[in-house]
Amino acid sequence: MQVFKFGGASIKDASGVKNLASVLKTIGHKNTLIVVSAMGKTTNALELIIKNYFDNKKELQSSIQEVKKYHNEILLDLFENVNHQTFRKVTELFDELNDFIKTNKSPDYNFVYDQVIGFGELVSTTIISEYLNHIGLNNNWVDVRTQIKTDNYYRRAHVNWKKTQQAITLKFNKSILNITQGFLGSDDNNFTTTLGREGSDYTAAIYAYCLNANSVTIWKDVPGVLNADPRYFENAQLLNKISYREAIELAFYGASVIHPKTIQPLQRKEIPLFVKSFLKPEAAGTQIGKNETLEPMIPCFIVKKGQVLISLSSLDFSYIVEDNISAIFKLLHQYKMKVDVIQNSAISFSVCIDNIYNNLDKLLQHLKAKFKVTCDENVSLYTIRHYNTSAIQQIEAGKTVLLKQLTQETVQIVTK
């Protein structure tokens, strides 16, 4: 088995879908599973639908129609016959979305988010599966929610590996080209769950692990894994080879090219991961595997914007020690804050967090009862792996440094 993952940028329009088919014909599609994300910026558009559902009902239907219109334009470019069954199937999916919105009684934002957001992947895989069949690449459309089973931690669900392995072993047909959705799973009540933003990479790794795949290839709009995000850094360079350990480090610190959880299941079975360009499918790209050294050995830059830096100090100048730190982390866990950096001294404690669930005000209210609190919102966290003096100076130039922390291989800098 080989597992291919195509992200939203690679299938943002009809030409992208046709290019996916071209990649399959060029590279080969025997014993292949394709994992696909939502098309283009569909996930963002669905997030607007969710926002309107809660906060702006009068714009709700128009935001749904925008998403439907976008996909219909792709359909019209792919299929000459408007009576092709794909039009009906996509319409049925949007009818299902509307039915959920009309009948849902749950006020839980995270639950609603997962039920709505998954339609992006359901629609994209339906369109691509039907198009591949249309051009003679026969395939089997798989509802990933019947195979990847999770808990009900909506928006960042945890995989139940035992149930997932059983479901995939029981239901997966290796003898045909398969296509399924990234990012999604389901809980014990068969409600849709999601694995976290950019979770399609993780989906590919889960299937690769359960199917004992020979390799996983992530097809991107870049040549492979770069040492910096070209959106924020000039002169980004291709990394030819990366070890599993280095890839885990880069993903943990926020490298957007790989989902943080992707590497671990692949490492356990020593399944190599390739990151390649869908525009140049025969180029080597980046190989991630066992005992690979970083090639070339250069600084790697990662930036996470829109972070929050909280600095705490004791009200009575007493030490911040184990019991205080334990209480702080209990609150961070309670309010679902993702911790990116911590730094402490005798009477102070600083933490840089990602406020994914918008619980910052509640957290601060709790913290202010026991500590003196300073909060800087919308800060940027820069991480440099294999840093040198020049790399640090490049990041700090023209910025206010709020926090800086160095280890042997990594420096992290929070700036305003």
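Please read these numbers as outputs of a predicted model, since none were measured by experiment.

The rules we used
- Residues numbered from 1 in each chain as written.
- Predicted model: local features only at pLDDT ≥ 70, side-chain atom pairs only at ≥ 80, totals over all residues.
- Heavy atoms only, no water.
- Pairing = 2+ DSSP bridges.
- Helix = DSSP H or I, 4+ residues; strand = E, 2+ residues; numbered from the N terminus.
- Axes fitted to C-alpha atoms, helices over the stretch in contact; angles between N-to-C directions.
- Contact = heavy atoms within 4.5 Å.
- Patch = residues over 30% accessible without salt bridge, like charges linked within 9 Å, V, L, I, M, F, W, Y side chains within 5 Å.
- Areas by Shrake-Rupley, 256 points an atom, 1.4 Å probe, with all protein chains shown as cover.
- Salt bridge = Lys/Arg side-chain N within 4 Å of Asp/Glu carboxyl O.
- Buried < 20%, exposed > 50% of the residue type's maximum accessible area, 1.4 Å probe, protein only.
- Phe/Tyr/Trp six-rings, centres within 6.5 Å; stacked < 30°, edge-to-face > 60°.
- Arc of directions from axis to C-beta.
- Right-handed = clockwise from strand over helix to strand, strands pointing away.

Draft legend 1. Local environment of the sheet that holds strand S15 (residues 401–406). Spatial strand order, S12-S13-S11-S14-S16-S15: six strands in an open sheet with antiparallel pairing. Looking along the sheet, the strands with just one partner apiece sit at the ends: strand S12 (338–344) and S15. Strand-to-strand twist in this sheet, taken as the mean axis angle between neighbours without regard to direction, amounts to 25°. Sheet analysis places S15 next to strand S16 (residues 410–415), joined by five bridges and oriented antiparallel. Within S16, the position partnered with leucine 406 by the bridge is valine 411. Sitting on the sheet, helix H11 (residues 322–334) touches strand S11 (300–314), S12, strand S13 (348–354) and strand S14 (371–385), and the angle it makes with S13 is about 15°. In the packing of helix H12 (residues 360–368) onto the sheet, the strands contacted are S11, S13 and S14, and the crossing angle to S14 comes to about 125°.

Draft legend 2. Expanded view of a nonpolar patch on the surface. Taken together, Phe317, Tyr319, Val321 and Ile347 make up a surface patch of nonpolar side chains, about 440 Å² in accessible area. When you line up the elements, isoleucine 347 lands in the loop between S12 and S13. A residue is classified by how much of its surface remains accessible, and isoleucine 347, at 32% relative accessible area, is partly exposed.

Draft legend 3. Quick peek at the sheet that holds strand S1 (residues 2–6). With respect to topology, eight strands assemble into an open sheet ordered S3-S4-S2-S1-S7-S9-S10-S8, the strand pairing being mixed. In this open sheet, the two edge strands, each paired with only one partner strand, are strand S3 (139–142) and strand S8 (241–243). With direction set aside, neighbouring strand axes in the sheet form an average angle of 20°. In the sheet, S8 pairs with strand S10 (residues 286–289) via three bridges, with the strands oriented parallel. Of the residues in S10, the one forming a bridge with lysine 241 is glutamine 287. Against the sheet, helix H6 (residues 119–134) makes contact with strand S2 (32–36), S3 and strand S4 (177–181), and its axis sits at roughly 160° relative to S4, the strand it touches most. Strands in contact with helix H8 (residues 200–211) are S1, S2, S3, S4 and strand S7 (215–220); relative to S2, the strand with the most contacts, it is inclined by about 155°.

Draft legend 4. Spatial organisation of the packing of aromatic side chains. Inspection of the entire model under this criterion finds 16 aromatic pairs. On the basis of an interplanar angle of 85° and a centroid distance of 5.0 Å, the ring pair of tyrosine 53 and phenylalanine 54 is categorised as edge-to-face. In this structure tyrosine 53 comes out as buried when scored by relative accessible area, which is 10%. With a centroid separation of 5.2 Å and an interplanar angle of 75°, the aromatic rings of tryptophan 161 and tyrosine 209 are classed as edge-to-face.

Draft legend 5. Local environment of the pairing of strand S9 (residues 273–277). For S9, the tally of buried residues reaches five of five residues, placing the bulk of the element in the interior. Residues of S9 alternate between two faces, with Leu273, Val275 and Ser277 on one and Phe274 and Lys276 on the opposite face, all of them buried. Here S7 pairs with S9 via five bridges, running parallel. Paired with valine 216 across the bridge in S9 is leucine 273. Two elements, S9 and S10, share three bridges in a ladder whose sense is antiparallel. By the bridge assignment for S10, leucine 273 is matched with isoleucine 288.

Draft legend 6. Geometry of H12. Those residues of H12 lying buried are Leu360, Leu363, Leu364 and Leu367. Down the axis of H12, the smallest arc covering the buried residues is 95°, so these residues share one side. Opposite the packed face of H12, turned more than 90 degrees from it, sit the exposed residues Asp361 and Gln365. Buried positions along H12 lie against S11, H11, S13 and S14.

Draft legend 7. Spatial organisation of the pairing of S3. As judged from the four bridges shared by S3 and S4, these two strands associate in the parallel manner. Considered in S4, the bridge of asparagine 139 is made with leucine 177. Taken together, S3, helix H7 (residues 161–171) and S4 constitute a β-α-β crossover, and its handedness is right-handed.

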